[in-house]
Amino acid sequence: MPVVYVEQIGEWEGKEVTLRGWVYNRRSSGKLQFLLLRDGTGVIQCVAFKGNFPAEEFALLDGLGQESSLEVQGTVRRDSRSPGGFEVDIARFRVFQAAENYPITPKEHGTAFLMENRHLWLRSARQHAILKIRHEVIRACRDYFDDRGFTLVDTPIFTPNACEGTTTLFETRYFDQTAYLSQSGQLYNEATAAAFGKVYCFGPTFRAEKSKTRRHLMEFWMVEPEVAFATLEETMELAEGLICFILERVLTRRRAQLDVLERDIGALERIVPPFPRISYDEAVKLLQASGSAIEWGGDFGGGDETMLSERYDAPVMVHRYPGAVKAFYMQPDPERAEVALCVDMLAPEGYGEIIGGGARIHDSDLLLERLAEHGLPPEPFGWYLDLRKYGSVPHAGFGMGIERVVAWICRLTHLRETIAFPRTLYRIYP
Ligand code: 4AD
Ligand code: MG
């Protein structure tokens, strides 16, 4: 008998099949048992008639707790009253394990409780929908770059140096040396871009973010393209294209999951290129006019980002921040040395920064100067400085945080639900 998944059940109408999964819910009405079986691809109602089973077997079914695991065999019937349009008449079943007192019940639970039970919470419909969308976003990122001639080159997680400032470094032992967990693959991308032209890396990144916010995780996934000879403008186009590609994919392939989340689909459908592009200078004026205390030269706070990103229907690209608030590697604007050729993309509906990037310094002396200004020792950057000695070219790229994008697309209030096992300030369990 074929073993099938719930998502393919429509292909098996009138046939006998085997399904395997977990009890999502169950109710009985005397002679009948209605069992909602969940198998990871969907949920289907399975029905058992008392008359078809020996008494003790029917009683076993009747006693099965939520999340018990079992295999059922039976005939697939079309039934318009059933949740997925089909039902299975159970002829036989086999219990793998009878679960009791599953802690997550249909009643409301607090976040702390759910996080403590994250390993089980993942089975719930909302969490399932979010992680299916996350997978679609990741797949779209890969396809976008793969289809455009980029080479995926993985970058290391153990690193000898900082990329995004020394305050958020996770330090670890590397035998008798000190190493840091990677904050970004960018510096290595710059090396591989000189070897392959267009590259991207996609991996976990780590930041010891000591403040508790809904926008920060200690461990998050970033996709980072880097392109030799690219300008800031080209980088903005690449970023805009990526976001449009991701949205298109999720809207066509993950509509059912967006519906589970009750996402306002129109807000995502309305997003079309070109996205607004504004300079940091203009952004500061807009913020001041809206009552922000920001002064030219300061970095945006979370509130400022929210305010800016609520102004537009589409993501907004803010470019040319003061170099002083950005990382050491940012290329200064040749027309105005105090601003950097960089861009942050802020997602709409108040979500704030989802992408950060720009052009990199390609002059060796300037880079040395900047390292010193940032208090970074030049020795661990020897290889990085080499890139400025052997065929240095202007180049640019960006990093997009997967969790930030998923939170926005799913319209979640906190990043912790966008990844299976979030690493947050006070929690490393489960
Ligand atoms: O703006 P960031 O710090 O840029 C970089 O790391 C560059 N080196 C990337 C590059 O140019 N290749 O981080 C990039 C993105 C942010 O826009 C945000 O989406 C995400 O990474 N991000 C975080 N996501 C979750 N938790 C955190 N603590 C994050 N920090 C950054
Ligand atoms: Mg940033």
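Summary of the structure given here. (Residues numbered from 1 in each chain as written. Chains lettered and ligands numbered in written order. Predicted model: local features only at pLDDT ≥ 70, side-chain atom pairs only at ≥ 80, totals over all residues. Heavy atoms only, no water.)

In this section: the site of ligand 1. Within the structure, ligand 1 sits among 25 residues, and E164, Q186, R207, E224 and E353 are positioned closest to it. Between ligand 1 and E164 there is a distance of 2.6 Å, counted from a nitrogen atom to a side-chain nitrogen or oxygen. Between a nitrogen atom of ligand 1 and a side-chain N or O atom of S184, the distance comes to 2.9 Å. Starting from 630 Å² of accessible surface for ligand 1 in isolation, the protein chains cover 94%. In terms of residue count, the dominant contributor to the shell around ligand 1 is strand β17 (residues 352-359) (five residues). Each residue belonging to the shell around ligand 1 can be placed in one class, and the counts come to nine nonpolar, eight polar and eight charged. (Near = heavy atom within 4 Å. Polar contact = N/O pair within 3.5 Å; in protein donor to acceptor, adjacent residues only side chain to side chain. Areas by Shrake-Rupley, 256 points an atom, 1.4 Å probe, with all protein chains shown as cover. Helix = DSSP H or I, 4+ residues; strand = E, 2+ residues; numbered from the N terminus. Nonpolar A, V, L, I, M, F, W, Y, C, P; charged D, E, K, R; others polar.)

Attention now goes to the side chain of S82. The residue S82 is located in the loop between β4 (69-78) and β5 (86-97) in this model. Leave out the neighbours within four places in its chain, and S82 touches Q45 and E87. (Contact = heavy atoms within 4.5 Å.)

Moving on to the sheet that holds strand β12 (residues 277-279). The strand order across the open sheet built from eight strands is β6-β10-β11-β18-β17-β16-β13-β12, with neighbouring strands paired in mixed fashion. Each having just a single partner strand, β6 (151-152) and β12 make up the two edges of the open sheet. Inspection of the sheet shows β12 paired to strand β13 (residues 316-319) by three bridges, in the parallel sense. Across the sheet, residue R277 finds its bridge partner in β13, namely M317. Against the sheet, helix α4 (residues 125-146) contacts β6, β10 (198-206), β11 (219-228) and β18 (395-401), and its axis sits at roughly 155° relative to β10. Lying on the sheet, helix α5 (residues 186-196) is in contact with β6, β10, β11 and β18; it crosses β11 at an angle near 35°. (Pairing = 2+ DSSP bridges. Axes fitted to C-alpha atoms, helices over the stretch in contact; angles between N-to-C directions.)

In spatial order, the strands read β7-β9-β8; together these three strands make up an open sheet with antiparallel pairing. Edge positions in the open sheet fall to β7 (158-159) and β8 (171-174), since each of these has one partner strand only. In this sheet, strand β9 (residues 177-181) lies alongside β8 in antiparallel orientation, the contact comprising four bridges. For E171, the partnering residue across the bridge sits in β9 and is Y180.

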